[in-house]
Amino acid sequence: MPFDSILGHRIPVRILRSMLKTGQIPHAFIFSGVDGIGKRTTAVSFVKALNCLEMEDDFCDRCLSCQKVNRLVHPDIFFVEPEKNVLRIEQVRAFQRDISFKPLEAKKKAVIIDQAEKLNSNAANCLLKTLEEPPEDTVLILVVAGSTAGMLPTILSRCQRICFAPLPGEDIFQFLSKNGVEKAKAGLITNHAYGSIKRANILIESDFLNRRNEIAGLLSGISPGSFDSIFELSSILNCDNSTLFLIFEFLQTWYRDMLLLKEGLSESLLYNRDITESIRDAAENETRDGIIKKIKRIQWLQSNLLMNMDVQMGLESALMQTN
Ligand SMILES: [Zn+2]
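What you are looking at is a predicted structure, and each value in this text was computed from that prediction instead of being measured.

Conventions and cut-offs
Positions within a chain are numbered from 1, following the residues in the order the chain's sequence is written. This being a predicted model, a pLDDT of at least 70 is required before a residue's local features are given, and a value of 80 or more before pairs of side-chain atoms are given or counted; all residues contribute to the totals for chains, interfaces and linings. A run of H or I in DSSP counts as a helix once it spans at least four residues, and a run of E counts as a strand once it spans at least two, with each numbered from the N terminus. Any residue whose C-beta has 12 or fewer other C-beta atoms within 10 Å is treated as exposed, any with 20 or more as buried, and any in between as partly exposed, C-beta atoms being built from the backbone. Distance between backbone-placed C-beta atoms decides contact: two residues are in contact if it is within 7 Å. pLDDT measures how confident the predictor is about each residue, on a scale from 0 to 100. Look down the strands so they point away from you; if going from the first strand over the helix to the second traces a clockwise path, that crossover is right-handed. Paired strands, as defined in this entry, are two strands with at least two bridges between them according to DSSP. Only buried Ala, Val, Leu, Ile, Met, Phe, Trp, Tyr and Cys residues enter a nonpolar core, and they are joined through C-beta atoms within 7 Å. Note that the domain bounds reflect an automated or database-derived domain assignment. Every axis corresponds to a line fitted to the C-alpha atoms, with the helix fit spanning only the stretch in contact, and the corresponding angles, defined between N-to-C directions, vary from 0 to 180 degrees. Geometric relationships in this document are graded by angle, where less than 35 degrees denotes roughly parallel, more than 145 denotes roughly antiparallel, 65 to 115 denotes roughly perpendicular, and other angles denote oblique. A crossing counts as left-handed when the near helix is turned anticlockwise from the far one by less than a right angle, and as right-handed when that turn is clockwise. Polarity classes work like this: nonpolar for Ala, Val, Leu, Ile, Met, Phe, Trp, Tyr, Cys and Pro, charged for Asp, Glu, Lys and Arg, and polar for all others, with Gly in that last group.

Chemist: What is the right way to look at the overall build of the protein in this model?
Modeler: A count of helical and extended segments in the protein gives 15 helices and five strands. Its C-alpha atoms put the protein at 75 × 40 × 30 Å along the principal axes. Within the protein, buried positions represent 32% of all 323 residues. A separation of at least 24 residues holds for 71% of the contacts in the protein among residues at least 6 apart in sequence.

Chemist: Got a minute to help me understand unusual backbone geometry in this structure?
Modeler: Note: most residues except glycine have negative phi, and most peptide bonds are trans. Although it is not a glycine, Leu 72 sits at a positive phi angle of roughly 60 degrees. If you trace the backbone, Leu 72 turns up in the loop between helix 3 (64-70) and strand 2 (77-80). Accessibility expressed as a C-beta count within 10 Å gives 10 for Leu 72, which makes it exposed.

Chemist: Got a minute to help me understand the environment of Val 144 in this structure?
Modeler: Along the chain, Val 144 turns up in strand 4 (residues 138-145). Residue classification places Val 144 among the buried residues on the basis of 25 C-beta atoms within 10 Å. It is 5.0 Å that separates the C-alpha atoms of Val 144 and Gln 115, two residues lying 29 residues apart in sequence. Setting aside its immediate chain neighbours within four residues, Val 144 contacts Ile 30, Phe 31, Ser 32, Ala 116 and Glu 117.

Chemist: Quick question: what am I supposed to make of the confidence of the model for the protein here?
Modeler: Caution applies to low-pLDDT parts of the model: their predicted coordinates are not meant to be read in detail. Per-chain confidence: the protein averages 90 in pLDDT, with 93% of residues scoring 70 or above. In the model of the protein, helix 11 (residues 228-235) stands out as the element of lowest mean pLDDT, 69, in contrast to strand 3 (residues 109-113), which has the highest, 98.

Chemist: Can you help me understand the pairing of strand 3 in this one?
Modeler: Strand residues, when the strand is regular, have side chains that alternate between the two faces of the sheet. When you tally the buried positions in strand 3, you get five out of five residues, the bulk of the element. Across the two faces of strand 3 the burial is the same, with Lys 109, Val 111 and Ile 113 and Ala 110 and Ile 112 all buried. Of the crossover connections in this fold, the one passing from strand 2 over helix 4 (residues 89-98) to the parallel strand 3 is right-handed. Taken together, the five bridges between strand 3 and strand 4 define a ladder with parallel strand orientation. Residue pairing in the sheet places Val 111 in a bridge with Leu 140 of strand 4. Handedness of the strand 3-helix 5 (residues 121-132)-strand 4 crossover: right-handed.

Chemist: Help me understand the nonpolar core in this model?
Modeler: Counting residues in hydrophobic clusters, the biggest one holds 53 residues, and the most contacted among them are Phe 31, Val 47, Ile 112, Ile 113, Ile 141, Leu 142 and Val 143. The biggest single contributor to this core is strand 4, with seven residues. Listed in part, the 18 residues of the second largest apolar core include Leu 233, Ile 275, Ile 279 and Ala 318.

Chemist: I tried to follow the domain arrangement of the protein on my own but got confused; where do I start?
Modeler: When the parts of a complex come together, some accessible area is lost, and that lost area is often taken as the interface size. By domain assignment, the protein separates into domain 1 (3-163) and domain 2 (206-320). A separation of 40 Å is found between the C-alpha centroids of domain 1 and domain 2.

Chemist: Would you take a moment to explain the packing of helix 12 (residues 241-262) against helix 14 (residues 288-303) for this structure?
Modeler: Each packed pair of helices is defined by two parameters, the angle between the axes and the distance between the axes. Relative to each other, helix 12 and helix 14 sit at 165 degrees, their axes nearing to 10 Å. Judged by the angle between their axes, helix 12 and helix 14 are roughly antiparallel. Helix 14 is crossed by helix 12, and the crossing has left-handed handedness. Residue-level inspection shows Phe 245, Phe 248, Leu 251, Gln 252, Tyr 255, Arg 256, Met 258, Leu 259 and Lys 262 of helix 12 in contact with helix 14, the latter providing Arg 288, Ile 291, Lys 294, Ile 295, Ile 298, Gln 299, Leu 301 and Gln 302.

Chemist: Explain the sheet that holds strand 2 to me, please; I cannot follow it from the model alone.
Modeler: Hydrogen bonds between backbone groups are what pair the strands of a sheet, and the pairing can be parallel or antiparallel. On the basis of which strands lie adjacent, the open sheet formed by five strands has the order 2-3-4-1-5 and parallel pairing. A single partner strand is all that each edge strand has here, and the edge strands are strand 2 and strand 5 (160-163). The mean inter-strand angle of the sheet, taken between neighbouring strand axes irrespective of direction, is 15 degrees. Relative to strand 4, strand 1 (residues 28-33) runs parallel, the two being bridged by six bridges. Bridging across to strand 4, Phe 31 finds its partner in Val 143.

Chemist: I keep staring at the pairing of strand 4 and nothing clicks. Help me out?
Modeler: Taken across its eight residues, strand 4 has eight buried, putting it largely inside the fold. Across the two faces of strand 4 the burial is the same, with Thr 138, Leu 140, Leu 142 and Val 144 and Val 139, Ile 141, Val 143 and Ala 145 all buried.

Chemist: Got a minute to help me understand the packing of helix 4 against helix 5 in this structure?
Modeler: It is the contact of helix 4 with helix 5, at a shortest axis distance of 8 Å, that shows an interaxial angle of 20 degrees. Regarding the angle of helix 4 to helix 5, the classification is roughly parallel. Across the interface between the two elements, Ile 89, Gln 91, Val 92, Arg 93 and Gln 96 from helix 4 touch Asn 122, Ala 123, Cys 126, Leu 127 and Thr 130 from helix 5. Considered class by class, the residues forming the contact of helix 4 with helix 5 number five nonpolar, four polar and one charged.

Chemist: So what exactly am I meant to see when it comes to the environment of Gln 91 here?
Modeler: Turning to its location among the elements, Gln 91 is positioned in helix 4. Sequence separation of Gln 91 and Leu 119 is 28 residues, and the distance between their C-alpha atoms is 9.8 Å. Excluding residues that lie within four positions of it along the chain, Gln 91 makes contacts with Val 80 and Ala 123.

Chemist: Would you explain the environment of Cys 163 in this entry?
Modeler: Considering the arrangement of structural elements, one finds Cys 163 in strand 5. Cys 163 gets classed as partly exposed once you count the C-beta atoms within 10 Å, which come to 13. When the C-alpha positions of Cys 163 and Ser 32 are compared, they lie 5.1 Å apart, and in sequence the two are 131 residues distant. Leave out the neighbours within four places in its chain, and Cys 163 touches Ser 32 and Gly 33.

This is the structure we're talking about:
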């Protein structure tokens, strides 16, 4: 699986390959971008290319070194990821010990720290020591999902930043089609994947489209003074938080689409363009200001989802809000 097989990310791959060609490899990188778009895959590919026994600015995926990386048994390549959602100082100290020795087999030792935004402050300060005095022949790659805003500026300034953009819809669509998802469904999932393969897979696994259609049916039945549909809707929110998160995201796209229709914009801009008629029906009972209020309320509920609040009651009051 050489670099050419990585979905999208032509610019990051071009930068990394030119470093491999010239041999000018920084001690530390930050690979940043939204979750599930291939940052870690690219990091693993880069580490394989650094140590491939057959190729210089690419990797063969067949040689002993590439195979050991793939099987996570290479003695000089270390993978670190959060435990219970946190990266702790003990984990940083463990790989600091590992990289203090000369490589056993690799041309360059490497550490890939996944979800590096989850380093707690002790771990981040400990990591800083390695970044200030990097051991020879070692590359650190911090993979960061989302924003780096909460990370220490002293860490950020010591790493070469490589930014990864969300994948183009066409790449997601092709990926889904190749994996046997029929075209119409692949197109709809692509609309809601926001450029992330991981998200596209979650949408498929959680049967998102059927759930969305069920909710859309209820929403288009809401009329002034009749709240039966809202109660029915809130009763189906009795599900796990990750599914609930997807439902809230859908609700936002539903009202966003409604707003675009009210503004007379093209249907081709809608997230849910396959159910435009349902959105139009529901829009008849909504004003522009009322829709904006609902979007804000849903955003607030979504951001407070993890705080054990009564989501059902919150959504009922959000959707009943008068225009
Ligand atoms: Zn190889």
